[in-house]
Amino acid sequence: MNFWHDFFENENPIHIEVGMGKGRFIIDMAKLHPEINYIGIEKYSSVLVRAIEKQTIEQLPNLVFIRMDAEAIENVFEKDEVAYIYLNFSDPWPKDRHARRRLTSVQFLNRYVNFLAADGGLTFKTDNRPLFDFAIEELEPAGWKAQVITYDLHNDAALMEGNVMTEYEEKFSSVGNPICKYIIYR
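Treat the numbers as computed from the prediction; the structure is a model and nothing was measured.

A. How the structure looks around helix α7 (residues 167-174). One side-chain oxygen at the N-terminal end of α7 lies 3.3 Å from the backbone nitrogen of tyrosine 168; it belongs to threonine 166. Positive phi shows up at glycine 176, right after α7, with a value of about 90°.

Okay, structure coming up:
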């Protein structure tokens, strides 16, 4: 066993959401999939508090939160420990000089490899088309491959099946913004 399996007291797969915000997505996922352990990672205490309040009510045994900067993420997980990664509506860091801070940059994709299981994957959703285009351009240099790419998730019946929305996804799609999504693997 490793630290996280010891923590959850089981051998269930571990899925993480990096930049979980108020926690709606990861809480809903934990409710839908009690056979999976979820770890939500958030940098900002101000929004993390909202998720903690919800979890205090829900008391989901397969969910825990970590307040941390994602730049240190590889220090929290062991090799092959994480089965899946979710990035939802991440901060776009729009200035070119901040590109390395984007959670879909080559730098971050290389960090994820250090702890993502060999058969693991990563899902990214955003309404920010320039960020999505950047994310796609980063795949090949980082050695990742796309399994699915869509520029309009909510008009793709197959991909919408079982789609769990974030607060931002609901807000942006309700005003007509197309939601971009990719599913990638190593």
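Picking up after the structure, the text goes on.
B. Quick peek at the packing of aromatic side chains. Evaluation of the coordinates by the stated rule reveals 18 aromatic pairs. Here tryptophan 4 and phenylalanine 77 contribute two aromatic rings whose centre-to-centre distance is 6.0 Å and whose plane-to-plane angle is 35°, an arrangement assigned as tilted. Taken as a pair, tryptophan 4 in helix α1 (residues 3-8) and phenylalanine 77 in the loop between β3 (63-67) and β4 (82-88) lie far apart in primary sequence, 73 residues in all. You'll find tryptophan 4 and phenylalanine 77 in the same group, each marked buried. Here the aromatic cluster, defined as three or more aromatic residues joined through ring pairs, consists of Phe3, Trp4, Phe7, Phe8, Phe77, Phe108, Tyr112 and Phe115. We note arginine 102 situated over the ring of phenylalanine 134; from NZ or CZ to the ring centre the distance is 4.4 Å. One Lys or Arg, arginine 111, reaches over the ring of phenylalanine 108 and ends 4.5 Å from the middle of that ring.

C. Highlighting the pattern of salt bridges. Taken as a whole, this structure holds nine salt bridges when the rule is applied. Note that glutamate 167 is salt-bridged to lysine 54, the shortest N-O span being 3.3 Å. Note that glutamate 167 is positioned in helix α7 and lysine 54 in helix α3 (residues 45-58), a separation of 113 residues in sequence. Among the charged side chains, a salt-bridge network with shared partners connects Arg24, Asp28 and Glu170.

D. Seen up close, the nonpolar core. Residues Ile16, Ile39, Phe77, Ile85, Tyr112, Leu122 and Trp144 are the most contacted members of the largest nonpolar core, which totals 36 residues. For this core, the element with the most residues is helix α5 (residues 129-142), which contributes six residues. Sequence-distant contacts of tryptophan 144, defined by excluding residues within four places in its chain, comprise Leu109, Tyr112, Val113, Leu116, Leu122, Leu139, Ile184, Tyr185 and Arg186. Formed by 23 residues, the second largest nonpolar core is a distinct cluster that contains Ile27, Ala51, Phe89 and Ile183.

E. The packing of helix α2 (residues 24-32) against α3, seen in detail. Packing of α2 against α3 brings their axes to within 10 Å, and their N-to-C directions diverge by 20°. Taken together, the axes of α2 and α3 lie roughly parallel to each other. Crossing hand, α2 versus α3: right-handed. When α2 is examined against α3, the residues Arg24, Ile27 and Lys31 are found in contact with a partner set consisting of Ala51, Lys54, Gln55 and Glu58. In the contact of α2 with α3, the residues fall into two nonpolar, one polar and four charged.

About the thresholds
Residues numbered from 1 in each chain as written. Predicted model: local features only at pLDDT ≥ 70, side-chain atom pairs only at ≥ 80, totals over all residues. Heavy atoms only, no water. Polar contact = N/O pair within 3.5 Å; in protein donor to acceptor, adjacent residues only side chain to side chain. Helix = DSSP H or I, 4+ residues; strand = E, 2+ residues; numbered from the N terminus. Phe/Tyr/Trp six-rings, centres within 6.5 Å; stacked < 30°, edge-to-face > 60°. Buried < 20%, exposed > 50% of the residue type's maximum accessible area, 1.4 Å probe, protein only. Lys NZ or Arg CZ within 6 Å of the ring centre and 35° of its normal. Salt bridge = Lys/Arg side-chain N within 4 Å of Asp/Glu carboxyl O. Core = buried A, V, L, I, M, F, W, Y, C linked by side-chain atoms within 4.5 Å. Contact = heavy atoms within 4.5 Å. Axes fitted to C-alpha atoms, helices over the stretch in contact; angles between N-to-C directions. Parallel < 35°, antiparallel > 145°, perpendicular 65-115°, else oblique. Left-handed = near helix turned anticlockwise from the far one by under 90°. Nonpolar A, V, L, I, M, F, W, Y, C, P; charged D, E, K, R; others polar.

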